[in-house]
Amino acid sequence: MISLVSLLIMRRKEDKIVEPLSVKTLKEMILYLADQIIECKPLLTELDSAIGDGDHGIGMEKGFLKVKEKISVMNPSENVYEVFATTGRALLMSMGGASGVMFGHFFAAGAKNTEPKAVLKTEDFVALMQKSLNIIKETGKAELGDKTMVDALEPAVMAMKMQDEPSFLDLFRSAESAAKEGAEKTKEYQAKHGRAIYLMERAVGHQDPGATSVWIIFRSFREFAEKHLPDKPVA
Ligand code: ADP
Ligand code: MG
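Reading the values: rules and limits
- Residues numbered from 1 in each chain as written.
- Chains lettered and ligands numbered in written order.
- Predicted model: local features only at pLDDT ≥ 70, side-chain atom pairs only at ≥ 80, totals over all residues.
- Heavy atoms only, no water.
- Near = heavy atom within 4 Å.
- Polar contact = N/O pair within 3.5 Å; in protein donor to acceptor, adjacent residues only side chain to side chain.
- Areas by Shrake-Rupley, 256 points an atom, 1.4 Å probe, with all protein chains shown as cover.
- Helix = DSSP H or I, 4+ residues; strand = E, 2+ residues; numbered from the N terminus.
- Nonpolar A, V, L, I, M, F, W, Y, C, P; charged D, E, K, R; others polar.
- Salt bridge = Lys/Arg side-chain N within 4 Å of Asp/Glu carboxyl O.
- Buried < 20%, exposed > 50% of the residue type's maximum accessible area, 1.4 Å probe, protein only.
- Donors = N, O, S within 2.8 Å, 3.2 Å for Na, K, Ca; no water.
- Expected span 1.5 Å × (residues − 1).
- Contact = heavy atoms within 4.5 Å.
- Axes fitted to C-alpha atoms, helices over the stretch in contact; angles between N-to-C directions.
- Parallel < 35°, antiparallel > 145°, perpendicular 65-115°, else oblique.
- Left-handed = near helix turned anticlockwise from the far one by under 90°.

(A) Quick look at the site of ligand 1. Contacts to ligand 1 come from 18 residues, most closely from H56, S99, M149, R195 and D208. The separation between an oxygen atom of ligand 1 and a polar side-chain atom of D53 is 3.1 Å. Contact distances for ligand 1 include 2.5 Å between an oxygen atom and a side-chain N or O atom of S99. Considered on its own, ligand 1 offers 570 Å² of accessible surface; in the complex 91% of this is hidden by protein. Of all the secondary-structure elements, those providing two or more residues to the shell around ligand 1 are helix 6 (97-108) and helix 10 (209-228). Residue classes in the shell around ligand 1 are distributed as six nonpolar, seven polar and five charged.

Rendered as structure tokens:
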């Protein structure tokens, strides 16, 4: 008969090695993300042209070009949170508008008032994202169903929090899938914030551009993890 202890031992054998992210890896991940966002400019432009003023793709491209510049010349840092803070500051400085503040917060808000750390663990990343989500909601006053980036980010954070001892790949997979579903659901909503508010029910049927960007962010993190941070089973 299999005892509880041996079951627990078997469970541990299935565990994966979860290596925390170094500053160097994190920088590479952000640079990879920046290229993916820039590539998605036409899609983001198309979505914002349908329910906004058509500039979301332009803003995100401008923002992430600045991110690439700032991350590439960033001082050698021993603090992983500095990578997120630099990314958020670059977006805030260069994008402008409401979404510049929101995507700036996405990266920088969760990194604020943190103890410097040389490596980032999965739980640090989840805590950072939860904090950023809280500040985005506090600042923009958007709740779930208001047809904003929150509709993708909140489910992504919830999905990450549900993971039991995840690897980064597990985390990003769960966040990507929840964000994609959340972004698709925005088609059903009328907007309560941003320019789409003026369209009332005419916004229904169109996917929110900001929520789509959040999905692209987690999709890019998952792609990066698949290439560079694959799960390694414990020997
Ligand atoms: P702008 O609306 O200034 O033209 P963008 O087109 O770059 O900015 O971004 C639009 C996106 O910003 C929307 O799709 C939405 O997801 C997000 N957004 C707008 N207002 C808010 C808000 N109050 N809270 C959260 N996100 C918001
Ligand atoms: Mg716009």
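(B) Structural context of the pattern of salt bridges. With the rule as written, the count across this model stands at 15 salt bridges. A salt bridge links E176 to R222; the nearest nitrogen and oxygen atoms lie 2.6 Å apart. Of the two residues, E176 sits in helix 9 (residues 168-185) while R222 sits in helix 10, which places them 46 residues apart along the sequence. Residue E176 shares its accessibility class with R222, and that shared class is buried. A salt bridge links E226 to R222; its shortest N-O distance comes to 2.9 Å. Remark: R222 and E226 occur in helix 10; sequence separation between them is four residues, near one turn of the helix. For R222, a relative accessible area of 15% puts it in the buried group. Via salt bridges that share partners, R173, E176, R222 and E226 belong to a single interconnected network.

(C) Summary view of the coordination of the magnesium ion (ligand 2). Looking at the magnesium ion (ligand 2), the protein donor atoms are D48 (OD), D53 (OD) and D55 (OD), and they sit 2.0 to 2.2 Å from it. Expressed as a motif, the donor residue spacing for the magnesium ion (ligand 2) is D-x4-D-x1-D.

(D) Fine view of helix 2 (residues 23-39). Spanning 17 residues, helix 2 covers 25 Å between terminal C-alpha atoms, matching the ideal 24 Å at 1.5 Å per step. Among the 17 residues of helix 2, twelve are classified as buried, and the element is accordingly described as predominantly covered. Within the span of helix 2, buried status applies to V23, T25, L26, K27, M29, I30, Y32, L33, A34, Q36, I37 and I38.

(E) The arrangement of the environment of S220 in detail. Along the chain, S220 turns up in helix 10. What S220 contacts, discounting residues up to four positions off in sequence, is Y32, L33 and Q36.

(F) Summary view of the packing of helix 2 against helix 5 (residues 80-95). Running from amino to carboxyl end, helix 2 crosses helix 5 at an angle of 25 degrees, the nearest separation of the two axes being 8 Å. For the element pair helix 2 / helix 5, the angle class is roughly parallel. Helix-helix and strand crossings are classified by hand; for helix 2 and helix 5 the assignment is right-handed. Only V80, V83, F84 and T87 of helix 5 make contact with helix 2, whose side of the interface consists of V23, L26, K27 and I30. Taken together, the residues of the contact of helix 2 with helix 5 break down into six nonpolar, one polar and one charged.

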